[in-house]
Amino acid sequence: MKFFYSAAQDSHAPETFLLRGQPAPSPERPERALRLADAIDELGLTLNAPAEVDSPRLRDRLARIHTPRYLTFLETIHARWQAMPGASALVAPNVHPCGGGHHYPSHPVGQAGWHLHDMACPIGADSFAGILASAASAEAAAMSVCEGEPSAYALCRPPGHHAGPERAGGFCFLNNSALAATILRERHDRVAIVDVDLHHGNGTQDIFYARGDVWTGSVHADTDAFYPFFWGGADETGSGEGQGANVNLPLPLGSDGKVFLDAVETLLQRLDDFAPEAVVVALGLDAHKDDPLAGLALETEDFRKIGARLGQLSVPMVLIQEGGYPTAALGANLSAFLEGYLKR
Ligand SMILES: [Zn+2]
């Protein structure tokens, strides 16, 4: 099993985001990667840097899951934002096309409102390089599995599963799990994404909703009263050729590990019907009881059980780091997951 991470990812380091209307320290900061990298190191495992953090091949693959104007926006918006008199240091929207918009604006303020779904995706001067490097780590992990490695892990920070075809949200800009699935799809006919993050993977769902070749499933805190609020219901089952290939299992807020593991089991039974040839795990660790985003109540040992269960899947697998925020337990949660998983 190979592990990937690029130090270039740290160049995305916004210090604040808006929480309940107030500027607050961002939990999605480089310290996360340090804690996760330390946990991998303590297991005696080695993180490899992706060979390239930007390439025409990576951009071509990203263009299969994100729109061209969104990719251009991510790359250019900070400079265009800064050119406005009185602009803030971080790009942050102050207007949104709620209910939908009729035309795509040329102005940076309008474009920020179009593409940045919420106030948890501030963009700084060096953010794009870090965002792209995070995707490059996902690409390297997926490539290694396509080349014969049984499984691989990418320490993706920033995370990706809230990022849709042309929308950033929830600390996510490029959908790393969708990218990994896209790469596995180059080699395999049927690919699945199993999302065990605390939050519903709404961006991933959006990207593959009408496709039958990439199955998406998510266990998460019920979005009736939890982020991302507007998606994540059990009645969202896919459309067109993707009908039946999207499975959501929302759990009551505060659910414990037993409830979560039972839901993972149900999700994997549904996955079995799809008979995937390769699987991406959207590996959030924020369902832990101490996570600052507080929604579920898993213990560290529950991640060992989740890892062990997913490790039983006898197909090539790519693990993509999603959420999980700085607490004393963050590193231990990844260690426990990997120890359980590596017994496969
Ligand atoms: Zn999350």
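Residues numbered from 1 in each chain as written. Predicted model: local features only at pLDDT ≥ 70, side-chain atom pairs only at ≥ 80, totals over all residues. Heavy atoms only, no water.

Novice: What is the right way to look at the packing of helix H9 (residues 300–311) against helix H10 (residues 330–341) in this model?
Specialist: Remark: H9 packs on H10, axes separated minimally by 6 Å, with the N-to-C direction vectors making an angle of 30 degrees. If you check the angle between H9 and H10, you find them roughly parallel. The crossing of H9 and H10 is right-handed. Side by side, H9 and H10 meet where Thr300, Phe303, Arg304, Ile306, Gly307, Ala308, Leu310 and Gly311 of the first sit next to Ala332, Asn333, Ala336, Phe337, Glu339, Gly340 and Tyr341 of the second. The residue makeup of the contact of H9 with H10, split by class, is 8 nonpolar, 5 polar and 2 charged. (Axes fitted to C-alpha atoms, helices over the stretch in contact; angles between N-to-C directions. Helix = DSSP H or I, 4+ residues; strand = E, 2+ residues; numbered from the N terminus. Parallel < 35°, antiparallel > 145°, perpendicular 65-115°, else oblique. Left-handed = near helix turned anticlockwise from the far one by under 90°. Contact = heavy atoms within 4.5 Å. Nonpolar A, V, L, I, M, F, W, Y, C, P; charged D, E, K, R; others polar.)

Novice: Explain the coordination of the zinc ion here, please?
Specialist: Under perfect tetrahedral coordination by four donors, a metal shows angles of 109.5 degrees; under perfect octahedral coordination by six donors, it shows angles of 90 or 180 degrees. Surrounding the zinc ion are the protein donor atoms Asp197 (OD), His199 (ND1) and Asp286 (OD), at 2.0 to 2.1 Å. Motif for the zinc ion, donor spacing along one chain: D-x1-H-x86-D. Within this pair, whereas Asp197 is found in the loop between strand S6 (191–195) and helix H7 (202–208), its partner Asp286 is found in the loop between strand S9 (278–283) and H9, the two being separated by 89 residues in sequence. Of the two residues, Asp197 and Asp286, both sit in the buried class. (Donors = N, O, S within 2.8 Å, 3.2 Å for Na, K, Ca; no water. Buried < 20%, exposed > 50% of the residue type's maximum accessible area, 1.4 Å probe, protein only.)

Novice: Got a minute to help me understand the layout of surface pockets in this structure?
Specialist: A probe as big as a water molecule, rolled over the atoms, marks out the empty space that is left. If you add up the space inside the largest pocket, you get close to 730 Å³. Along its surface, the largest pocket is lined by 31 residues, and Phe17, Leu19, Tyr227, Phe229 and Leu293 are the ones closest to its centre. With 3 residues, strand S2 (residues 16–19) is the largest single contributor of residues to the lining of the largest pocket. Its volume calculated, the second largest pocket comes out at about 280 Å³. (1 Å grid on protein atoms, 1.4 Å probe; cavity = no way out; pocket = protein on both sides within 12 Å on 5 of 7 lines; lining within 4 Å. Points joined across faces, edges and corners; volume = space filled by probe spheres on them.)

Novice: Explain the environment of Glu42 here, please?
Specialist: For Glu42, the location among the structural elements is in helix H1 (residues 30–42). Judged by relative accessible area, which is 68%, Glu42 ranks as exposed.

Novice: I tried to follow the nonpolar core on my own but got confused; where do I start?
Specialist: What tends to happen in soluble globular proteins is that the nonpolar side chains get buried as a cluster. Core analysis: the largest hydrophobic core is formed by 50 residues, its most contacted members being Leu62 and Val318. Top element by residues in this core is helix H5 (residues 127–146). It accounts for 12 residues. Excluding residues within four positions of it along the chain, Val318 makes contact with Ala141, Ala142, Val145, Ala152, Ala180, Leu184, Val279, Val280 and Val281. The next biggest cluster of nonpolar side chains, apart from the first, holds 48 residues, and it includes Val194, Ala221, Leu261 and Leu310. (Core = buried A, V, L, I, M, F, W, Y, C linked by side-chain atoms within 4.5 Å.)

Novice: Even after reading the chapter, I still don't get the side chain of Asn248, so can you show me in this structure?
Specialist: Relative to the helices and strands, Asn248 is located in strand S8 (residues 246–251). Asn248 sits in the buried class, given a relative accessible area of 3%. A polar atom in the side chain of Asn248 sits 3.1 Å from the side chain of His200. Look past the residues within four positions of Asn248 in its chain and what remains in contact with it is His200, Gln205, Ser218, His220, Gly232, Gly233, Ala234 and Glu236. (Polar contact = N/O pair within 3.5 Å; in protein donor to acceptor, adjacent residues only side chain to side chain.)

Novice: How should the sheet that holds strand S7 (residues 214–221) be read in this particular structure?
Specialist: Strand pairing in a sheet takes place through backbone hydrogen bonds and is either antiparallel or parallel in direction. The 8 strands are arranged S4-S1-S5-S10-S9-S6-S7-S8 in an open sheet whose pairing can be described as parallel. Looking at which strands have only one partner, the edges of the open sheet turn out to be strand S4 (47–48) and S8. As judged from the 6 bridges shared by S7 and S8, these two strands associate in the parallel manner. Bridge pairing in S8 places Ala221 opposite Leu251. Relative to the sheet, H10 contacts strand S1 (2–4), strand S5 (151–154), S9 and strand S10 (317–321), its axis offset from that of S10 by approximately 175 degrees. (Pairing = 2+ DSSP bridges.)

Novice: Would you explain unusual backbone geometry in this entry?
Specialist: Trans peptide bonds make up most of the peptide bonds, and negative phi angles are found at most residues other than glycine. Residue Pro158 is bonded to the preceding Arg157 through a cis peptide linkage, with omega at 5 degrees. Following the sequence through the fold, Pro158 ends up in the loop between S5 and helix H6 (176–185). Tyr227 connects to Pro228 through a cis peptide bond whose omega is 5 degrees. Within the element layout of this structure, Pro228 appears in the loop between S7 and S8. Even without a glycine there, the phi angle at Phe229 is positive, about 65 degrees. Relative to the elements of secondary structure, Phe229 occurs in the loop between S7 and S8. Under the relative-accessibility criterion, Phe229 is labelled partly exposed at 44%. Backbone geometry at Ala275 places phi at a positive 50 degrees, although glycine is not the residue there. Its location among the elements puts Ala275 in the loop between helix H8 (257–274) and S9.

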